[in-house]
Amino acid sequence: MKSLISINDFNKEEMMQVLDLARKYEAEPNCPIFSDKVIACIFFEPSTRTKLSFETAVSRLGARVIGFSSLPATSIAKGESLKDTIKMVSNYADMIVMRHPLDGAARYASEIAGCPVINAGDGANQHPTQTLLDMYSIWKTQGTLENLSITMVGDLKYGRTVHSLLQAMSHFNPRFRFVSCPELEIPWEYEHFLDSRNIPYSQHNVLEGQIQDADILYMTRIQQERFQDPMEFEKVRNLMSLDASMLTDTKPNLKILHPLPRVNEIATDVDERPEAYYFDQARNGVFTRMGIITYLMNQ
Ligand code: CP
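Owing to the predicted nature of the structure, the values given are computational and were not obtained by experimental measurement.

Once that is clear, we can look at the site of the ligand. In the neighbourhood of the ligand, the contacting residues comprise Ser47, Thr48, Arg49, Thr50, Arg99, His127, Gln130, Pro259 and Leu260. A distance of 2.9 Å separates an oxygen atom of the ligand from a polar atom in the side chain of Arg49. Considering the ligand on its own, with 260 Å² of exposed area, one finds that the protein chains cover 91% of that surface.

Printed below as a string of structure tokens:
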């Protein structure tokens, strides 16, 4: 029984196995191979893409979905603990997909559950299934994961997708540029992670000048929900944004990714540009999550 809680739970070979499965499922999306399985999707935080693409993935694999995304409709509203909730859900399901606002909640759930747990995002910590779909999107658009120049922009402190993705891409000899305001720079533990692997990176406070030699421009939303002080959020909410006029002299293979939802960090005039890939990226989530479920079910 294997769970996916951190992207570091998968080695390079396992990641590539999931991407190969995603490619197979994109070519043939209806594969009802798990018609005897029930998968619980339990979301303690809002979600559009992750929840719906997991539910679509489960359906296309022939399994059934149970779950909740509205806590007032559950016994959590009566005071039931996370521990008891996970014990109950794992009595009913063969696999649990869980999103939770607290860092570490998914790992805790995996230690309690009697079935595999997939982390669908825990606080500001990790979002490994987003990372695998990001990798699939990079692989599809670049033809390789190796030797890429990746510029990551926005909320690098609280952005869990950034944390998972830089760790995953560390297997593929990347070069990183991190662009954020000083308040939202990449946490030291991720700098340490990159330093310990001799992966080159640089840090910048303005986006201008950091796009032109990028293969991938990874934009992120400022994570308003993680700020303790609303005034701190107000100070940074409009600092990093991309519009079409900034996309000059870029590499022909440049693709713009964003885990979504976006607020104001990508102007809508970028959407029609050939570099814009974020809506296709979200579509790739279905095939990648089919691959993740298949890989974990077969362990
Ligand atoms: N990318 C992502 O996690 O989106 P949702 O919050 O809509 O699931």
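This paragraph deals with the pattern of salt bridges. Inspection of every chain in the model, using the stated rule, returns 16 salt bridges. Between Glu146 and Lys12 there is a salt bridge; the shortest N-O distance is 3.4 Å. Here Glu146 is found in the loop between α5 (128-142) and β5 (149-153), whereas its partner Lys12 is found in helix α1 (residues 12-27), with 134 residues between them in sequence. Residue class for Glu146 comes out partly exposed when judged on its relative accessible area of 30%. Overall, the relative accessible area of 33% leaves Lys12 in the partly exposed class. Here Asp213 ties to Arg177 by a salt bridge, and the two come within 3.0 Å at their closest N and O atoms.

Across the sheet, which stays open at both edges, the four strands sit in the order β2-β1-β3-β4 with parallel pairing between neighbours. A strand with exactly one partner marks an edge of an open sheet, and here the two such strands are β2 (64-68) and β4 (117-122). Going across the sheet, the axis of each strand differs from the next one's by a mean of 15 degrees, ignoring polarity. Strand direction decides the pairing type here: strand β3 (residues 95-100) and β4, joined by four bridges, are parallel.

Moving on, we get to the packing of aromatic side chains. The geometry of an aromatic ring pair is captured by the separation of the ring centres together with the interplanar angle, meaning the angle of the planes. For the structure shown, the criterion picks out eight aromatic pairs. Pairing Phe44 with Phe68 gives two aromatic rings, centres 5.5 Å apart and planes at 85 degrees, and the pair type is edge-to-face. Pair noted here: Phe44 is in the loop between β1 (38-43) and α2 (49-60) and Phe68 is in strand β2, with a separation of 24 residues, a long-range link. For Phe68, a relative accessible area of 16% translates into the label buried. Judged by centre distance (5.2 Å) and plane angle (65 degrees), the ring pair of Tyr278 and Phe279 falls under edge-to-face.

Cis peptide bonds are those with omega within 30 degrees of zero, and the linkage from Leu260 to Pro261 qualifies with 5 degrees. Position of Pro261 among the secondary structure elements: in the loop between β9 (255-257) and α9 (278-297). Although it is not a glycine, Asn147 sits at a positive phi angle of roughly 60 degrees. Here Asn147 shows up in the loop between α5 and β5. Under the relative-accessibility criterion, Asn147 is labelled partly exposed at 42%.

What counts, and where the lines are drawn
The numbers attached to residues start from 1 for each chain and follow its sequence in the written order. Local features in this predicted model are restricted to residues whose pLDDT is 70 or higher, and side-chain atom pairs enter the listing and the counts only when it is 80 or higher, whereas totals over whole chains, interfaces and linings include all residues. Side-chain descriptors were evaluated using all non-hydrogen atoms of the structure, hydrogens and water having been removed beforehand. Any residue with a non-hydrogen atom lying within 4 Å of a molecule or strand is treated as near it. Between N or O atoms, a polar contact is any pair within 3.5 Å; within protein, one atom must be a potential hydrogen donor and the other a potential acceptor, and residues adjacent in sequence are included only when both atoms are from side chains. A 1.4 Å probe and the Shrake-Rupley method give the accessible areas. Residues count as covered only by the protein chains that appear here. Salt bridge, as applied in this entry: a Lys or Arg side-chain nitrogen positioned within 4 Å of an Asp or Glu carboxyl oxygen. Helical segments are the DSSP runs of H or I of at least four residues, strand segments are the runs of E of at least two, and each set is numbered from the N terminus. Partly exposed residues are those whose accessible area sits between 20% and 50% of the maximum for their type, while under 20% is buried and over 50% is exposed, using a 1.4 Å probe and protein chains only. Criterion used throughout: strands pair if DSSP finds at least two bridges between them. To obtain each axis, a line is fitted to C-alpha atoms, and for helices this fit is confined to the stretch in contact; angles are then taken between N-to-C directions over 0 to 180 degrees. Under the pairing criterion, centres of Phe, Tyr and Trp rings, with the six-membered ring standing for Trp, must be within 6.5 Å; the plane angle then separates stacked pairs below 30 degrees from edge-to-face pairs above 60, leaving the rest tilted.

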